[in-house]
Amino acid sequence: MTELKLHDRVRGLVAFEPPEGESLGVYSCGPTVYGRIHVGNARPFWIAMVLKRTCEKLLGFDVRLVVNITDINDKIYRAANELGVPSKLLADQMAAAYRADTDELGLGRPDTEPLASDALEGIKGLITSLIDRGAAYATEDGDVYFSVEAFPEYGELSGQRPDELIAGSRVEPGEGKRSPLDFALWKGHKPDEDSYWDSPWGRGRPGWHIECSAMALEELHGEIDVHGGGLDLIFPHHENERAQSLAAGEQFSPTWMHNGMLRLSGEKMSKSEGNIEGLAEAVARVGRETLLVFFAQAHYASPVDYNEATLSQARATAAGLREALRNARRYAAGDGGSDTAVVPRAQEAFEQFRLRMADDLETPRALAALHGLARVINLEVAAGTADPGAVSDAADLLRDALDVLGLASLDDAPEASAEALALAEERAAARARGDYARADELRDRVAQLGFSVRDTPQGPQVVPLDE
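Model, not experiment: these values are computed from the prediction.

How would you summarise helix α7 (residues 234–247) if you had to cite specific residues and measurements?
Taking 1.5 Å per residue, 14 residues should reach 20 Å; α7 reaches 18 Å between its end C-alpha atoms and fits that length. The buried fraction of α7 amounts to eleven of the 14 residues, a majority that puts the element mostly inside the structure. Every buried residue of α7 is accounted for by Ile234, His237, His238, Glu239, Asn240, Glu241, Arg242, Ala243, Gln244, Ser245 and Ala247. Looking one or two places after α7, you find Gly249, whose phi comes out positive at around 85 degrees.

Structure follows, in structure tokens:
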């Protein structure tokens, strides 16, 4: 079994190899459902699912992946008030839209996707434990705050120093906070919030940070090996999540992996900035395969520019891999030579892919290994001396590797229709008699059916149009 290595913000590169029969517990922060998600929101989902697929398809151990859905939050109340709809209705609709939009990526689903609204008892229990330990306090207004002063390790994850954070900050009148750094665990009910829950501190609802701690601890039974999320969540969300969980005496995540942001026009993609493209719109515009290759082109921890240049590069990469698979499948269906040397070369490329993925999900270098495998296949097909079965085996390895990235569909080319094949034959006859105008007309009719005609030394071939 090859161990998995992931980069932790504090400890550097960390190795994982769960004992036999045990799984890796991974929690990744999911969306706050007040609107449809954009491409930037999809990147952490992609990372979490590719991590799970890498471990299970390449490294031989299971991952229990939890990606939460935040359906109680200030942003939801504000958005619902602006739309004039109940906050629960908006949250339910946007949670369903999030699941539908991410389903379009074809990566499967996390093992569990808990809702904050289903975790209220665990949240209240965690808050009670913090109060009992002297790490939290209630106010007369029905709010409960975490006392940062009670947790000396505060700031170790994000590198923030509490004394520097306090400088220049102040406590707003009436808040009841003892320190500007103290953050809300429970918020008393406000008139403009149409949903609330009873608690020992009065009616209200939980704060954002405590929701994630409670869901992670409940769903992973305290066995949280890796915590993921966007780089923008390190402070204050992940810092606060870590502080309150450890202060409550829980064994919380020792490893934090953070993904870089997607940038549009040089700025972080975000709803608040207005520089976004919805995930559903992106899939419809460029295709899921192009989008998945786009994600894989950059290491997960790096920022990446979302523009036509990077998308065109991804589109070309997907097309090249698809073409290698088509070439292999066509060759495997015919007569060839007896040389089987392509198999060990393909196995070596696949092993390079596996090792790159095990090494902190190095997807750019893993893609380079797949390019090498595609070149091997193309050269063998062009030479015509390889055993067809060996070429088929090499193509199977390429498909298996692509499946880890959600790209096995590149091998699922539809068969040409009888009408397209007949038109291609008629086109070949037109070309043979020098009627190129008629040949061009027939080529366009084939394209209208979703196929293209390619002239090769072995004769014309009818293949699906590339996306």
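I'd like to hear about the environment of Gly155, residue by residue, with values.
Inspection of the secondary structure puts Gly155 in the loop between β6 (144–146) and α5 (162–166). Judged by its relative accessible area of 5%, Gly155 is buried. Linking Gly155 and Asn68, residues 87 residues apart in sequence, is a C-alpha distance of 24 Å. Residues in contact with Gly155, not counting those within four places in the same chain, are Gln160 and Glu239.

Tell me about the nonpolar core, and please be specific about residues and values.
Within the largest apolar cluster, 90 residues are counted, with the highest numbers of intra-cluster contacts made by Leu4, Leu105, Leu291, Phe294, Phe353, Met357 and Leu398. Contacts of Leu105, omitting those with residues within four sequence positions, involve Ala42, Phe45, Leu279, Val283, Arg288, Leu291 and Leu292. Ile127, Phe151, Phe183 and Trp186 belong to the second largest nonpolar core, which has 39 residues in total.

Talk me through the pattern of salt bridges; I want residue IDs and the actual numbers.
Tallied over the entire structure, the rule returns 35 salt bridges. In this structure, Lys57 engages Asp403 in a salt bridge whose closest nitrogen and oxygen atoms are separated by 3.0 Å. Placement of the pair is Lys57 in helix α1 (residues 39–59) and Asp403 in helix α13 (residues 388–404), with a sequence separation of 346 residues. By relative accessible area, Lys57 is classed as partly exposed at 45%. Of the charged contacts, one joins Glu289 and Arg288 as a salt bridge, the two residues approaching to 4.0 Å between their closest N and O atoms.

So what's going on with empty space enclosed by the protein? Residues and values would help.
Within this structure, the stated rule accounts for one cavity of 30 Å³ or more. In this structure, the largest cavity is lined by Val26, Ser28, Pro44, Ile47, Ala48, Leu51, Gly228, Gly229, Met257, His258, Asn259 and Tyr300. At the level of elements, β3 (24–28), α1, β9 (226–230) and β10 (255–259) are the ones that each hand at least two residues to the lining of the largest cavity. Residue composition of the lining of the largest cavity, by class: seven nonpolar, five polar and no charged.

How each quantity is defined
Counting restarts for each chain: residues are numbered from 1 in the order of the written sequence. pLDDT decides what is reported in this predicted model: residues at 70 or higher carry local features, side-chain atom pairs at 80 or more are listed and counted, and totals for whole chains, interfaces and linings draw on all residues regardless. Only hydrogens and water are set aside when side-chain values are computed; all heavy atoms of the structure are taken into account. Numbering goes from the N terminus for both helices and strands, where a helix is a DSSP run of H or I of at least four residues and a strand is a run of E of at least two. The span one expects for a helix is its residue count, reduced by one, times 1.5 Å. A simple rule labels every residue: compare its accessible area, found with a 1.4 Å probe on the protein chains alone, to the largest value its type can have, and call it buried under 20%, exposed over 50%, or partly exposed in between. Contacts: residue pairs with any heavy atoms within 4.5 Å of one another. Residue types Ala, Val, Leu, Ile, Met, Phe, Trp, Tyr and Cys, when buried and joined through side-chain atoms within 4.5 Å, form a set referred to as a nonpolar core. Salt bridge, as applied in this entry: a Lys or Arg side-chain nitrogen positioned within 4 Å of an Asp or Glu carboxyl oxygen. Throughout, the protein atoms alone are placed on a 1 Å grid, and a set of points is a cavity if a 1.4 Å probe fits but cannot get out or a pocket if it is open with protein on both sides within 12 Å along at least five of seven lines; lining residues have an atom within 4 Å of a point. Grid points are joined across faces, edges and corners, and a volume is the space filled by probe spheres set on the points. When residue character is reported, Ala, Val, Leu, Ile, Met, Phe, Trp, Tyr, Cys and Pro are called nonpolar, Asp, Glu, Lys and Arg charged, and the others, Gly included, polar.

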